[in-house]
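Listed below, chain by chain, are the residues.
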2 protein chains.
Amino acid sequence: MDMTPIDRIRSFNRTVTRRIGALGDDYLGRGRPLGASRLLFEIGREGANLRDLRSRLSLDSGYLSRLLRSLEADGLLALERAPDDARARRAILTRKGLKEWAVLDSRSQDLATSLLASLGDAQRERMIAAMAEVERFLRASEVEIAVAAPDGTAARHCLQAYFHELQQRFDSGFDPALSVSAAPGELTPPNGTFLLARLDGHPVGCGALKRIGRGVGEIKRMWVDPTARGLGIAQRLLEALEGEAAALGMRILRLDTNRSLDEARALYLRNGYREIPRYNDNPYAHHWFEKTRAKRAVSRPNSAKTSGRAGGA
Amino acid sequence: MDMTPIDRIRSFNRTVTRRIGALGDDYLGRGRPLGASRLLFEIGREGANLRDLRSRLSLDSGYLSRLLRSLEADGLLALERAPDDARARRAILTRKGLKEWAVLDSRSQDLATSLLASLGDAQRERMIAAMAEVERFLRASEVEIAVAAPDGTAARHCLQAYFHELQQRFDSGFDPALSVSAAPGELTPPNGTFLLARLDGHPVGCGALKRIGRGVGEIKRMWVDPTARGLGIAQRLLEALEGEAAALGMRILRLDTNRSLDEARALYLRNGYREIPRYNDNPYAHHWFEKTRAKRAVSRPNSAKTSGRAGGA
DNA sequence: CCATTTGTCTGACTTTAGTCAGATGAATGG
DNA sequence: CCATTCATCTGACTAAAGTCAGACAAATGG
């Protein structure tokens, strides 16, 4: 019974879609087409803007329009202009629609309940814990890392959270002004980069690169939202930063860190960073690390992989 | 972040169907309608009987017939008479069909791979483990317990496995002939019952009840397939047996068990069985238990949550 | 051998789902 | 104010999914 991870996922996939997907589809329904029920459910108690509905359910605008019409004809919802933008519209459930929504909601509860029904307490607990874990990791695999403006809204959000956390964790508190600089200009090419990790569009982590010498970069502002830790996001950010560093011609990467940040230290050590003597005057730093990029050991001409352009497609 | 189990499941449901369901649907596809691809995939390398396909994918026979026709027209499969039953037919993939199947198969691998792609080794391992666990429990909730003929095929399969296991586990080996009798006639109403636990139609456990006196029943043949242990099936069987016992007018339940069967002993103790002196001459027994049904007692109301099989679809 | 049941097919449908090319009116950025 | 862009709606489609009532031949159970 030893399965590869791939097999395991495929099997999981089958079981889950059969057990949940199948039920899930017809616990909705209620006489009206599935699409309409899903839409009704998605609108929710507070109502929703059509634009959001369109993107959340990825519906064609014409199709959405028609579905809404049919629900409207059944007296389940009303469409009104959005308060701020007269082009946009907003769907609100009527009293009848809310009732219908409640039915759908309770059905979805029944589905969940039926999964629990046949398990004992101990089993339930374990299943719930395992589900939470799977969900967490599935979400982790949705995290996207990309270059972003270090002074954008999302970036500022992360940095603020980052500073706030340092303040909490450092024995001495933390004042960005006393720390080593990392102004937006220093974190944009060609001087550096700023990377953001996003989940569902929301920022959940960041990391930056700042040039501090010829071929030497410094890693700064590494932070992951507490709710998203343990998912390997920091690792991915670090790898991405190293990639960016290479692109910016930095062969040596340095960084400093505070003694209270154990996870960070572990991360760097795990990734081949060696502790070195103090290289800056950051008052908050207790450890300094450095890593030199390997000399692309195989720059021999017969590594034709890159230039070869063998068979296409 | 404290969610009730129900919320947890619903959230899991959403995440998984969005992440896997959505991808899953279009990794198939390949130019032909989803239904046809699914069918092709389901037929598999060994081919399949139409009847099985119909039930596995729950398709209307007319619809299935049409889908098969279109795949046949594309030269992907051939239909042949089933060897044993000239009414039945069997779908077999042609060489071209197998090729197409392989493509679908590899796509489904890609899907799995993409879920792993962004995780580190440690995370992967944990996710896979959690998936295995969730899957296990989901399957557990598919187990159905029902009365069955003690001399049916499925029952004989279980009993054989049961005897075989006892033979392995008892220090003394095990010979059914030396043990206390439990002939089919003793395990059918009004003398007793035989319950089977099935998963996907396959037997995975059993338990029986035999009348041994006025208002006194004996629990026998409790067994759960090793691959399905830890899912609470024995617990459910026991509860179901107690229900049957009540229906058969047995107020006292007894049973014996061998010293090597620790899990069994734990199960009975957990369920309110008290150890009593030897009440039979079973040479394989070391412990004897008894439980008297409460007189419609006001046992704590919160024990009512067992296998309620809550609000069905 | 005959009445039934079983497994599959066929034809004639209806519903859902999904797409596309405009039309319309409101914002938006000079 | 004007050209664009945006958000939505409409009409005219097509394709896919699903349903139903027979028809037919093979098996099954007396």
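Everything below is about the structure printed above this text.
For the structure given in this document, a descriptive report is provided here. Only a predicted model underlies this, so the values are computations on that prediction, with no experimental measurement involved.

1. What to know about the pattern of salt bridges
All names here are of chain A.
Here is step 1: If you walk through the whole model with that rule in mind, you get 32 salt bridges over all chains.
Here is step 2: For R169, the salt bridge is made with E165, and the minimal N-O distance between the two is 3.2 Å. Of this pair, R169 and E165 both sit in helix α7 (residues 153–169), four residues apart, which is roughly one turn of the helix.
Here is step 3: Judged by relative accessible area, R169 falls into the partly exposed class, the value being 26%.

2. Here we look at the interface of chain A and chain B
Here is step 1: If you look at the interface, chain A gives 51 residues, while chain B gives 53 residues.
Here is step 2: Roughly 5,500 Å² of surface becomes buried between chain A and chain B when both sides are summed, with 64% attributable to carbon and sulfur atoms.
Here is step 3: Taken together, chain A and chain B are joined by six salt bridges.
Here is step 4: Taking the shortest distance from any N to any O, the salt bridge between R10 of chain A and D105 of chain B comes out at 2.4 Å.
Here is step 5: Those elements giving two or more residues to the side of chain A that touches chain B turn out to be α1 (5–27), α2 (34–43), α5 (95–117) and α6 (121–140) of chain A.
Here is step 6: Partitioning the side of chain A that touches chain B into residue classes produces 23 nonpolar, 12 polar and 16 charged.

3. Quick notes on the protein's contact with DNA strand C
Here is step 1: Neighbouring DNA strand C are 21 residues, the closest being A86 of chain A together with R54, R66, R69 and R89 of chain B.
Here is step 2: Within the side chain of R87 of chain B, one N or O atom sits 3.0 Å away from a base oxygen of DNA strand C.
Here is step 3: Taking R89 of chain B, its side chain carries an N or O atom lying 2.5 Å from a phosphate oxygen of DNA strand C.
Here is step 4: The set of elements that each furnish at least two residues to the surface near DNA strand C consists of α2 and α4 (61–73) of chain A together with α3 (50–56) and α4 (61–73) of chain B.
Here is step 5: For the surface near DNA strand C, the leading source of residues is α4 of chain B, giving five residues.
Here is step 6: Of the residues assigned to the surface near DNA strand C, the class counts are seven nonpolar, four polar and 10 charged.

4. Quick word on the pairing of strand β8 (residues 252–257) of chain B
Residues and elements named next belong to chain B.
Here is step 1: The sheet contact formed by strand β7 (residues 216–224) and β8 spans three bridges and is parallel. Across the sheet, residue E218 finds its bridge partner in β8, namely R254.
Here is step 2: With respect to chirality, the unit in which β7 leads through helix α8 (residues 233–247) into the neighbouring parallel β8 is right-handed.

What counts and what doesn't
Residue numbering note: each chain is counted from 1, following its sequence as written. A letter from A marks each chain and a number from 1 marks each ligand, given out in the order of writing. Two thresholds apply to this predicted model, a pLDDT of at least 70 for residue-level local features and 80 or more for giving and counting side-chain atom pairs, whereas whole-chain, interface and lining totals are computed over all residues. Each side-chain value is derived from all of the structure's non-hydrogen atoms; neither hydrogens nor water enter the calculation. When a carboxyl oxygen of Asp or Glu is within 4 Å of a side-chain nitrogen of Lys or Arg, the pair counts as a salt bridge. The helix and strand labels rest on DSSP assignments: H or I over at least four residues marks a helix, E over at least two residues marks a strand, and numbering proceeds from the N terminus. The rule is simple: take the accessible area with a 1.4 Å probe, protein chains only, and divide by the maximum for that residue type; under 20% is buried, over 50% is exposed, in between is partly exposed. By definition in these notes, contact holds between two residues if any of their heavy atoms fall within 4.5 Å. Summed over both partners, the accessible surface that disappears when two parts come together, traced with a 1.4 Å probe, is what is meant by buried area. Residues are grouped as follows: Ala, Val, Leu, Ile, Met, Phe, Trp, Tyr, Cys and Pro are nonpolar; Asp, Glu, Lys and Arg are charged; all remaining types, including Gly, are polar. Any residue with a non-hydrogen atom lying within 4 Å of a molecule or strand is treated as near it. Counted as a polar contact is a pair of N or O atoms within 3.5 Å, where, for protein atoms, one must be capable of donating a hydrogen and the other of accepting one, and residues adjacent in sequence contribute only when both atoms are in side chains. For two strands to be treated as a pair, DSSP must find at least two bridges joining them. Whether a crossover is right-handed depends on one test, that the path from the first strand over the helix to the second runs clockwise when the strands point away from the viewer.

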